[in-house]
Every structure is written in C-alpha cells, then in structure tokens.
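A look at the structure
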Amino acid sequence: MTDKRDTLKIVVVGHVDHGKSTLIGRLLYDTESLPEGAIAKVKRICKEKGKSFEYAYLLDAFEEEQKQGITIDTTQIQFFTQQRDYVIIDAPGHKEFLKNMISGAANAEAALLIIDAHEGIQEQSKRHGYILSLLGIKQVDVLVNKMDLIDYSQAKFDQIKAEFNNFLSTLNVHPQQYIPVSAFLGENITTNSAKMAWYTGEPVLRALDMLHKERGLAEKPLRLPIQDVYKFDDRRIIAGRLETGCLSVGDKILISPGGKTTTVKTIEAWVDRDKQAAVEAGQSVGITVTDEFFNQRGEYISRVANPPLQAKLFKASLVWLGKHDLLQNQKYKLKLTTQEVECEIYAIEKVVDAASLDSNANVQRVKINDVAEVIIKTKQVVCFDDFSDNQSTGRFVLVDGYDVSGGGIITGLYTAAKTPAAENTEFADAHKPVAPIARLAATAGKPLVRLEREQRLRQKGRVIWLTGSEEAQFNRAVSLERELFDLEKQAYYLDRQTILDQFLRESTGDDWIAKLADIAKILLDTGLIVILASGTVERDQLEKARAIIGKHDFLEIDAEAAGEVGELTQLTDVAV
Amino acid sequence: MEHLDRLEAQSIFILREAYKKFGKLGMLWSIGKDSTVLLWLANKAFFGHCPFPLIHVDTTYKIPDMIAYRDRLAAEMGLELIVHRNETGLAEGMGPERGRLTCCKALKTEALQEVVLKYQFEGLILGIRRDEEGSRSKERVFSERTKDAEWDYTNQPPEFWDQFKTDFPKGNHIRVHPLLHWNELDIWAYIKRENIPLIDLYFAKDGKRYRSLGCWPCTKPIASNATTIDAIIKELENTSVSERAGRMQDQEDAYAMQKLRKDGYM
Ligand SMILES: Nc1nc2c(ncn2[C@@H]2O[C@H](COP(=O)(O)OP(=O)(O)O)[C@@H](O)[C@H]2O)c(=O)[nH]1
C-alpha cells in the first residue's frame, strides 16, 4: 500500500438478516484481508456455542451481538482490491439501531443495499433507500442475496429488480448495478458465478472498483468555517477546515455574517513540508489576515462574490433519532459545521413514512426513526448552503439535551410572502420589544404588555390585511380564521362591513380606513391575530393603514394567491 | 488530496474540536508509535504548541527503555507531563501474577480513572485505532464515559458529519479518538513521510522487534529482521498476524478487551 492509493468508504445496508455481515465477511475472506487466526477463532466460538459457522461473527466482535444475533453498532473494516483500498462499514438493519446505520452511512461515499431474494423487499430495505437519498449518497449497487435459496432464478431476480428500481427512482436514487449473489456461498462475489450464467453484469468486487470517488470539492465556492482562533504566540491564527474551494495567500475574503472583507496574509504551518501558498478543500489549515477583526468560531470565510446563504428560517428534510419525539415549538441546539445555535421547529410540514413514502401533513411531532420535512427557525443568523449545492455546508444535526438526536439537510430558504428578503428580516426582528398602546398609566404595579399576552397565547399578534377581489377576501378571511384556529391560534376575522355599519357611520371619505386600522391596532395589542377583509382599497390608503399598524405587524396577503400551511404557521409566529 | 493528507486533516480537525470544547483536556501518552504520531499531529494542529498536558499511566512494569525515552523526549520538547501510578494497588502488591486482566484493570484502568478525578478532566485524548481489535472498531470519535469510567457501548449516540458529542453531564468525561480512522500501515507510512523520531524498540535487534508496546511481563516481541521503517512496512504488508498478537492480556479470553474497555480501559 502506498500513499498514492485511493480509499473508498462504502456502507452496506439492508433489512436485518438479509446478509450484510455475511457479505462483508465474505469480501474480507475473498480478498485475503482477514488476520491469521480470525477464521479459526470464529470457528472455535461457534463450536463452543454449538452453532454453525457464520461469517457475521467475524464482525460482530461483541458478546451481546453474538447472543442476540444482530449487529449492534457500526464497525469499520478495511480491505483491499488491486485497484484500491476500501473502508467498509457494517450498517445494521435492525430498526432500533437506525442511528448506528446513519452514523456509518453518513460517512460513506457509496453504498451496497442488500435484499434477501427469498424474503423480498422489506420495510427496512425501503427505509434505508430513503436515508441514502437523504444523505446524498448517489452511488448505490443493489445486491439481491441468497440466490441459492431461490434456485438462482432469473425471473425472481428480475421481479425484485423491477419493483425496487421503481421505488428508488421516485427518490432519485439510481443504482449502478443490480447483482444477484449468494454471499454465503460466494457466488458472484469475486468472479461471475457459473450458477447464474444468465447474469451478464459485474460480480461485486468488480462493481465496487467501478464506483468512483467524489471529486471537484476544490472547484466549488470557498467555504471555510472558522473552527477556532489561536494566539499561542504573536501570530493570531484563524484555524479551520476548508469544506470546499481553495484559498491562496493574497486572496480577498469575506467573513459572514457581518460582511467584513480582508486579505489572506499567510498560511501557517509547523513543519517546512506543510508550508504552502495555497490550500484546498479537505485541508485543516491556519491562516492570518491583514485586518484583524474580532473573529470567532462559527463564522464563514468565503469569496466576496460567492457568500453562503444567511437566514434564521429555512426548510429542511430530517431524520429523527431521539429518545423523545421531535416537537413543534420545542427548543433544540442546531450544529451546522462549526456553528451552534438555539433553534426551534417552526413548523412540521409533513412526516414521511420512509418505507411507503406516504406522507402525513397533519402532525405536531416526529417520532424516532421518522423522516420529516420541517421548517427550522434559529435564534441567530446561520450561514449555510442548499444541500444540493454543497453537501457539507448544507447539513446539520439537532441536539436534544445531551445527545445528537437527528440530522437533516437544508432544502432551501423559507419565504412565506412575496417579498422574501423583507419577510426574513421581519422575522429576524421578532424579538424586538413592541411599543405598548398608550392607555391610562397604572398607579400601582407593572402594566401588562403585549409581549406577555403573546407569550400566554403562544403566538405573535398580527394584522393580516387581505387584498384582491372582495369575494376572494371574504372567502379567505373565513377559511384563514378556521385554519389558524385549528392550529390552536387566536385569530379573529374583522368584518369591514360590520364596523362600517355599526361604528363608522359618521366617517366621511377615506377616513374610515384609518379608523379601521386603529381598531385593528387595539386588537393587535391584545395579542390577537386580526384578519381584515377591507374590500377594495387604493394603494396609498393601504400604505396609510400599514403605517398606522406598523410594518412589522402588518401582513399584506393576496387573497387570490394560494396559501400553504407552512405560510400560515409563519404568520402566527410564536413570540418568545 | 492524498490518503495520508486526508487522515492527517481529519485528525487535526478532531484535536481542534476537542481543544475548543473541553475546558480541561489531557492527552494520554504511552510512548508507543500511535501516541508519538498523536503528539506530532497536536503540534501541527496548534502550530508547535501542544496546549494540553500529556498523561502517562505508569504501571511500573513498562519496558525500561520506554521510561528513559519518555523522560528524554519530555525534557527536549518542554512538554507538560503528568505521570500517574495506582499507588494503593502497587502498595498492595498488584502485578501480573495476580492475573493479567486483574492487573490491567488495577494499574491501567483504575490509575487512569484516578487521574481523571484528580485533575477533573473533561476530555481525554487517546490514540486508539479501529483496526486494532473488535471492541475498538466500534468506538465513536467522541465517546462518553460515566463517572465510573464505564462505557455504554450498546447505546452509543449517533455520530455523523463530524458533529461530535460535546454535551454531557458534569462528572462524565469524553474520550477523544483522533486516530480512530487510521490503520497500522497508515501510522508507519506517516512516520516515514514525516520523519517522526520514534523509540527504537520497534526496530529489530537480534532477530526480534516489538510490534506493539506495553508492560514487559505481558508484551512479547515478534520474530523480525526489520531494522528500518521500509522493512517494517514491507513486513506488515505481508503478514496476516494481528497487531496485538504479542499483547497477552488480549488472549486471556475471547472477550478480554471488550470487558476491559467497558470498565474504562484505554
Ligand atoms: N442460504 C443463504 N444464507 C445466507 C446467505 N447470506 C447470509 N445468509 C444467512 O442469513 C443469515 C443472516 O445473515 P447476516 O449476514 O447475519 O445478516 P445481517 O443481519 O444483514 O448482517 C445468517 O444466518 C446467514 O448465514 C446466502 O447467500 N445464502
């Protein structure tokens, strides 16, 4: 083995008992990667226990595992072909241990998914397929195992292949090969099996050598999340790992959030061999810069022209592994590269049954091993990229209590209304104290303020001012009130006509708009979500109402545009 | 990036995470090749300043050359070194004749736990590798130990995307394993490439050399004529004997290491 050789990390996944450990044991055996005595040791253990020989015992080094006959944790084992080195990760199929499967699979560059030909496609086969797509593992080979149990039947193989391919393609996972094998007997592992002459594809080992490593991380936009800043001597070294891109001395860089720019002064190294003028993706580096700001862990270094996204609200797909259910409005710690912020699950858009791909849109919680689409709201601005643009800066974990309890990928910024940028800052300002409506000053005690009422109601008071045709406005107002009510929010649809008829009869001209706004504003102070169908109003009148109510509390919604549940939930943002 | 560069970058990343996250951090230093590589990597990670103390758990049964080498290197590099022994155990006459596993537990596991308590360590860096033996292959990079140093290996939290376990109740500590993803050959290839000074017990003398270092009563040299790193690499490429075959405590029973490590062994 020389320094020049490639290592490819692969994960083996599939339903429990479909033959993952057996396959790995067999690969180790066939590539002569087992230490001397390992087979003998396993034979001895099996004999002592009165069991027949199992390749799986080579991997299941733990006592308990052998007793229960399931693989508890991920092992990483190395083997070599002529082409390259492999680190192979044994991912267990038992549902309870999905967290171990993910721990293994998350580091993999390629996957082998095993299906028992005799038992056929099972729930975990599908769930694992789904998780591979979530982890962004694009290179997958599917092995149809235990062909010996179905007489090496091509018809049955073809059937499983068609069915599973159908499922995977909906996930945008496209396996390179489907290979019929018998892991236990070594058929189609190193060489083409004589028992399955009908199969014209590659045996497993050759198929592995045909997988390729992801390249091109260095060509992507620069992302250097700051890990730490050191001042051991007179140098002030910014340390971190380049997730993508490359960096040279003299480069102009942008530091986000904050948006300061500076220039790379030096790239530091301890030994001469490491002294370089340029570094690239994957390297753990230390740099000094010409302008010394106060830098800290979690900030992102990028090129000025190509900064990461920044937001407090974003959409994500996640898999939940926690002991306790993931709950809406609950606080978690979000870790994304070197950033750590408090966050909450702003909305659960749907929970997907990973096996059937059925989804349930009406849920408040995500249970262990479930996959869900959510909207996350962070306390501070975080820097990231869409997972589809940049895997390492587009994924995060959630910590519940002491444990990492879930992992997710970012699928985009979350924007509710038509002015995305404004919306995001609007919500960024959610913590701004709200000016109270002037009332008679209390003589004793602390006057109750809107924020307190909002906290009680677990919502943020808003005036939703509907526009569009009168008919659409009234329809929307009624349905919106109901939808918010169902979301356990306090909302009230204020009918213009009632107000006009009963209170504003004396008002002349356009003055009624201001009056209406005043009334809405008082209701707003109670913490209520006020839905206003004002009928047709001129633009300048609308702006007047906006000014009276305050632009942060005033949400203009086009009643004729289709709304979503997520949008609603955002509108009724909980005040903290 | 080449293979060794990738391994190195990952280890440095892990060391920096540990340094950032744990107020009180120490690094176990056994004088062997793995801890020597670890020390080298720490120097790289922190630009020539190893910012935490090294801890040597001294069983008093170490091969004498190891101790001499330890003291010389520590002085040369100006390292902060904590040497700790299980004095109570030693006073009561603990030794391998009481049973290898009993001895390991007392003079290594218990001594280590004493250090953790005495200095209130939140993080301990260790140079273990997955390919060494079965129970180590199941380790996490950041692996929690309870107050009693126990390792609950049946219920380890998930660890992925380099987001490690950094939240834990007070009194527990985290074992940090920056070399987990390296194998024995990687270590040698790296020592050669970086030209890292190494204790000469690893090189053959009179047809014998140590492949793994430990206490003299329980560590046997292997038959070898490898006197250079190249010769060692060549030898390893053609062997199918496991690295720890000369470590007699491992052979006591089929689950020896698993049992030891569950109780807090390194
Ligand atoms: N007949 C037959 N049995 C197999 C084959 N591969 C695995 N098995 C058996 O299926 C059982 C489960 O295999 P194992 O590798 O432990 O499955 P895992 O849970 O996916 O790791 C064991 O008893 C294996 O011996 C095969 O190709 N043919």
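As for the interface of chain B and chain A
Between chain B and chain A, the contact holds 63 residues from the first and 77 residues from the second. Between chain B and chain A lies a buried interface of about 6000 Å² when both sides are counted; carbon and sulfur atoms form 53% of it. Looking only at chain B, the three residues that lose the most surface to chain A are F47, K138 and W161 of chain B, adding up to 16% of its buried area. Inspection of the chain B/chain A interface yields 8 salt bridges. Its salt-bridge partner being D274 of chain A, residue K44 of chain B comes within 2.7 Å of it at the nearest N-O pair. In this structure, the connection of chain B to chain A is made through 20 residue pairs in polar contact (both at pLDDT 80 or more).

Side note on the packing of helix 1 (residues 3–21) of chain B against helix 7 (residues 184–194) of chain B
Residue and element names in this part refer to chain B. At a minimum axis distance of 11 Å, the contact between helix 1 and helix 7 shows a crossing angle of 95 degrees. Viewed along their axes, helix 1 and helix 7 adopt a mutual orientation that is roughly perpendicular. Of the residues in helix 7, those in contact with H3, L4, D5, L7 and E8 of helix 1 are D186, A189, Y190, R193 and E194. Its residues assigned to classes, the contact of helix 1 with helix 7 comprises 4 nonpolar, 1 polar and 5 charged.

Some words on the nonpolar core
Ranked by internal contacts, the top residues of the largest apolar core, which has 79 residues, are L23, L27, F164, V204 and L208 of chain A. If you tally residues by element for this core, the top one is strand 4 (residues 110–116) of chain A, at 6 residues. Counting contributing residues per domain, this core is built from domain 1 (7–210) and domain 3 (311–413) of chain A, each supplying no fewer than three. Listed in part, the 62 residues of the second largest apolar core include L25, F47, I199 and L213 of chain B.

Thoughts on the domain arrangement of chain A
All names here are of chain A. With domains assigned, chain A is organised as domain 1 (7–210), domain 2 (217–302), domain 3 (311–413) and domain 4 (425–572). Each side of the interface is counted separately: domain 1 has 15 residues, and domain 3 has 13 residues. Both sides together, the interface formed by domain 1 and domain 3 hides about 1300 Å², and carbon and sulfur atoms give 67% of it. Counting across the domain 1 and domain 3 interface gives 0 salt bridges. The tally of links between domain 1 and domain 3 comes to 2 residue pairs in polar contact (both at pLDDT 80 or more). For the side of domain 1 that touches domain 3, the elements supplying multiple residues, two or more each, are helix 5 (98–105), helix 6 (123–135) and helix 7 (154–170). If one sorts the elements of the side of domain 1 that touches domain 3 by residue count, helix 6 sits on top with 7 residues. Per-class residue counts for the side of domain 1 that touches domain 3 are 8 nonpolar, 2 polar and 5 charged.

Observations regarding the domain arrangement of chain B
Residue and element names in this part refer to chain B. The assigned domain composition of chain B is domain 1 (3–183 + 253–262) and domain 2 (200–251). When each unit is reduced to the centre of its C-alpha atoms, the spacing between domain 1 and domain 2 is 22 Å. In this assembly, 22 residues from domain 1 lie in contact with 17 residues from domain 2. Between domain 1 and domain 2, a total of about 1700 Å² is buried, with carbon and sulfur atoms accounting for 60% of that surface. At the boundary of domain 1 and domain 2, one finds 2 residue pairs in polar contact (both at pLDDT 80 or more). At the level of elements, helix 3 (64–77), helix 5 (100–119) and helix 9 (256–262) are the ones that each hand at least two residues to the side of domain 1 that touches domain 2.

Some details on empty space enclosed by the protein
All names here are of chain B. Tallied over the entire structure, the rule returns 5 cavities of 30 Å³ or more. As a volume, the largest cavity reaches approximately 450 Å³. Contributing to the lining of the largest cavity are 26 residues, with S30, S35, L213, R247 and M266 lying nearest its centre. Elements with a contribution of two residues or more to the lining of the largest cavity: helix 2 (33–45) and strand 2 (54–57). Partitioned by chemical class, the residues of the lining of the largest cavity number 11 nonpolar, 6 polar and 9 charged. Each of domain 1 (3–183 + 253–262) and domain 2 (200–251) accounts for three or more of the residues forming the lining of the largest cavity. The space that makes up the second largest cavity amounts to roughly 100 Å³. Lining of the second largest cavity is provided by 15 residues; of these, C103, C104, K108, C215 and C218 occupy positions nearest its centre. When grouped by side-chain class, the residues that make up the lining of the second largest cavity number 8 nonpolar, 4 polar and 3 charged. In this structure, the lining of the second largest cavity is formed jointly by two domains, domain 1 (3–183 + 253–262) and domain 2 (200–251), each of which donates at least three residues.

Remarks on the sheet that holds strand 7 (residues 224–230) of chain A
All names here are of chain A. Strands sit in the order 7-8-13-11-10-14 around a closed barrel of 6 strands; the barrel is antiparallel. Mean inter-strand twist for the sheet, computed between neighbouring axes without regard to direction, equals 45 degrees. The sheet contact formed by strand 7 and strand 14 (residues 300–302) spans 2 bridges and is antiparallel. Residue pairing in the sheet places P225 in a bridge with Y300 of strand 14.

Remarks on the environment of G468 of chain A
All names here are of chain A. Summarising the element assignment, G468 is placed in the loop between strand 24 (462–467) and helix 11 (470–486). On a C-alpha basis, the gap between G468 and I189 in space is 66 Å, while along the polypeptide they are 279 residues apart. With near-sequence residues (within four places) excluded, G468 lies in contact with Q473, D558 and E560.

Thresholds applied
Residues numbered from 1 in each chain as written. Chains lettered and ligands numbered in written order. Predicted model: local features only at pLDDT ≥ 70, side-chain atom pairs only at ≥ 80, totals over all residues. Heavy atoms only, no water. Contact = heavy atoms within 4.5 Å. Buried area = accessible area lost by both parts, 1.4 Å probe. Salt bridge = Lys/Arg side-chain N within 4 Å of Asp/Glu carboxyl O. Polar contact = N/O pair within 3.5 Å; in protein donor to acceptor, adjacent residues only side chain to side chain. Axes fitted to C-alpha atoms, helices over the stretch in contact; angles between N-to-C directions. Helix = DSSP H or I, 4+ residues; strand = E, 2+ residues; numbered from the N terminus. Parallel < 35°, antiparallel > 145°, perpendicular 65-115°, else oblique. Nonpolar A, V, L, I, M, F, W, Y, C, P; charged D, E, K, R; others polar. Core = buried A, V, L, I, M, F, W, Y, C linked by side-chain atoms within 4.5 Å. Buried < 20%, exposed > 50% of the residue type's maximum accessible area, 1.4 Å probe, protein only. Domains from an automatic or database assignment. 1 Å grid on protein atoms, 1.4 Å probe; cavity = no way out; pocket = protein on both sides within 12 Å on 5 of 7 lines; lining within 4 Å. Points joined across faces, edges and corners; volume = space filled by probe spheres on them. Pairing = 2+ DSSP bridges.

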